[in-house]
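For reference, the chains in residue letters:
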Amino acid sequence: MDSIFLNLEERKNIGGGKVKRLRKAGYIPAVIYGRSMESIPTQIKASEFREFLMKHGKNSIFTTEFAAEQDMSVLVKDIQYDMLKNAVSHVDFQRVSINEKIHAAIPVRITGDNRLKGTGSVIVHQLDEVIVECLPQNVPHHLNADVSGMTPGHSLTAAQLHLPQGVTLVTEPGSVILAVTGGKSADLQVEKTDEAVVPKGEEGNVHAKRI
């Protein structure tokens, strides 16, 4: 595993007004937490965090250090966004041990959709990510949902995703990741999707892609 370093600075000034000044100065407020440790308020340069995400993705394990604790192994646990400003407003980091398994949310990417072009098919994408369990260094950046062999009426569940060795599925195996429908009209009506594909109460999580 290649070593990745991210410079996190301990945050001394805590409070609403101080956080606003911090953001204006180009920093993102954050916190590191983990088993058998007190949470540590931190800050990171917004430009460095953007570069980190672009280069390594959200699920990369990295090291950081403080005066009292050298070489922490850390993962991005949660990112909060300010939608009005289209910017990261806060980050939760989790300290991990390379010998202890963790749960991680892994994004699901659709592949093979070029094979469906011109067929009038619509991909109804219900789950954007699934939860897996593995050692931190084995966390995959993403999982592929291959639709190249699918036709209208078919769906793909979490259990059908290909997981790398050492990675196990935590999400309910029967959860539907996506379905392919044969929509012909110009406007897709999601509410017409079969109930087995879009469980009651989860309609707001569904989005569709016309091929």
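Residues numbered from 1 in each chain as written. Predicted model: local features only at pLDDT ≥ 70, side-chain atom pairs only at ≥ 80, totals over all residues. Heavy atoms only, no water.

*Asks:* Go over the layout of surface pockets, please, and point to the residues and values.
*Replies:* Estimates place the volume of the largest pocket at around 370 Å³. Here the lining of the largest pocket gets four residues from one element, more than from any other, and that element is helix α2 (residues 46–56). Among the residues forming the lining of the largest pocket, the class breakdown is nine nonpolar, three polar and six charged. (1 Å grid on protein atoms, 1.4 Å probe; cavity = no way out; pocket = protein on both sides within 12 Å on 5 of 7 lines; lining within 4 Å. Points joined across faces, edges and corners; volume = space filled by probe spheres on them. Helix = DSSP H or I, 4+ residues; strand = E, 2+ residues; numbered from the N terminus. Nonpolar A, V, L, I, M, F, W, Y, C, P; charged D, E, K, R; others polar.)

*Asks:* Just give me the short version of the confidence of the model for the protein chain, but keep the residues and values in it.
*Replies:* On average, residues of the protein chain score 83 in pLDDT, and 82% of them reach the 70 mark or higher. Taken element by element, the predicted model of the protein chain shows its lowest mean pLDDT in strand β14 (residues 207–210) (64) and its highest in strand β12 (residues 168–169) (97). For residues 185–204, every residue scores under 50 in pLDDT, and the model assigns this stretch 17 contacts once sequence neighbours within four places are set aside. (pLDDT = per-residue confidence, 0-100. Contact = heavy atoms within 4.5 Å.)

*Asks:* Break down the side chain of S89 for me, citing the residues and quoting the values.
*Replies:* Following the sequence through the fold, S89 ends up in strand β6 (residues 87–95). Residues within four places of S89 in sequence aside, it is in contact with R23, I28, P29, Q80, Y81 and D82.

*Asks:* Quick rundown of the nonpolar core? Include the residues and the values.
*Replies:* Within the largest apolar cluster, 24 residues are counted, with the highest numbers of intra-cluster contacts made by V130, L156, L161, I177 and L178. At the level of elements, β7 (102–111), β9 (129–134), β10 (143–146) and β13 (176–181) are the ones that each hand at least two residues to this core. Ranked by the residues each element gives to this core, the list is headed by β7, at four residues. Apart from the residues within four sequence positions on either side, L156 is in contact with A145, D146, M150, L161, S175, V176, I177 and L178. Counting residues in hydrophobic clusters, the runner-up holds 19 residues, among them L6, I32, V74 and V76. (Core = buried A, V, L, I, M, F, W, Y, C linked by side-chain atoms within 4.5 Å. Buried < 20%, exposed > 50% of the residue type's maximum accessible area, 1.4 Å probe, protein only.)

*Asks:* Quick one: what's the story with the environment of T171, residue by residue and with numbers?
*Replies:* Examined against the element boundaries, T171 turns out to sit in the loop between β12 and β13. When its relative accessible area of 15% is taken as the criterion, T171 is described as buried. In the structure, T171 is positioned 13 residues away from A158 in sequence and 7.1 Å away in space, judged by C-alpha atoms. With residues near it in sequence (within four places) discarded, T171 still touches V130, I131 and A158. A distance of 2.7 Å separates the side chain of T171 from the backbone nitrogen of I131, its partner in a polar contact. (Polar contact = N/O pair within 3.5 Å; in protein donor to acceptor, adjacent residues only side chain to side chain.)

*Asks:* Before we move on, can you summarise a positive patch on the surface with the specific residues and values?
*Replies:* Taken together, the side chains of K20, R23, K24 and K85 make up a positively charged region of the molecular surface. Here K24 shows up in helix α1 (residues 16–24). Judged by its relative accessible area of 78%, K24 falls in the exposed class. (Patch = residues over 30% accessible without salt bridge, like charges linked within 9 Å, V, L, I, M, F, W, Y side chains within 5 Å. Areas by Shrake-Rupley, 256 points an atom, 1.4 Å probe, with all protein chains shown as cover. Salt bridge = Lys/Arg side-chain N within 4 Å of Asp/Glu carboxyl O. Lys, Arg positive; Asp, Glu negative; His and termini not counted. Charge placed at Lys NZ, Arg CZ, Asp CG, Glu CD.)

*Asks:* Residues and numbers for the packing of aromatic side chains, please.
*Replies:* The geometry of two aromatic rings is summed up by the distance between their centres and the angle between their planes. The full count for this structure, using the stated rule, is four aromatic pairs. Ring geometry for F62 and F93: centres 5.7 Å apart, planes at 85 degrees, overall edge-to-face. Within this pair, whereas F62 is found in strand β4 (residues 62–64), its partner F93 is found in strand β6, the two being separated by 31 residues in sequence. Residues F62 and F93 agree in their burial class; the two are buried. One aromatic cluster in this structure is built from F49, F52, F62 and F93. (Phe/Tyr/Trp six-rings, centres within 6.5 Å; stacked < 30°, edge-to-face > 60°.)

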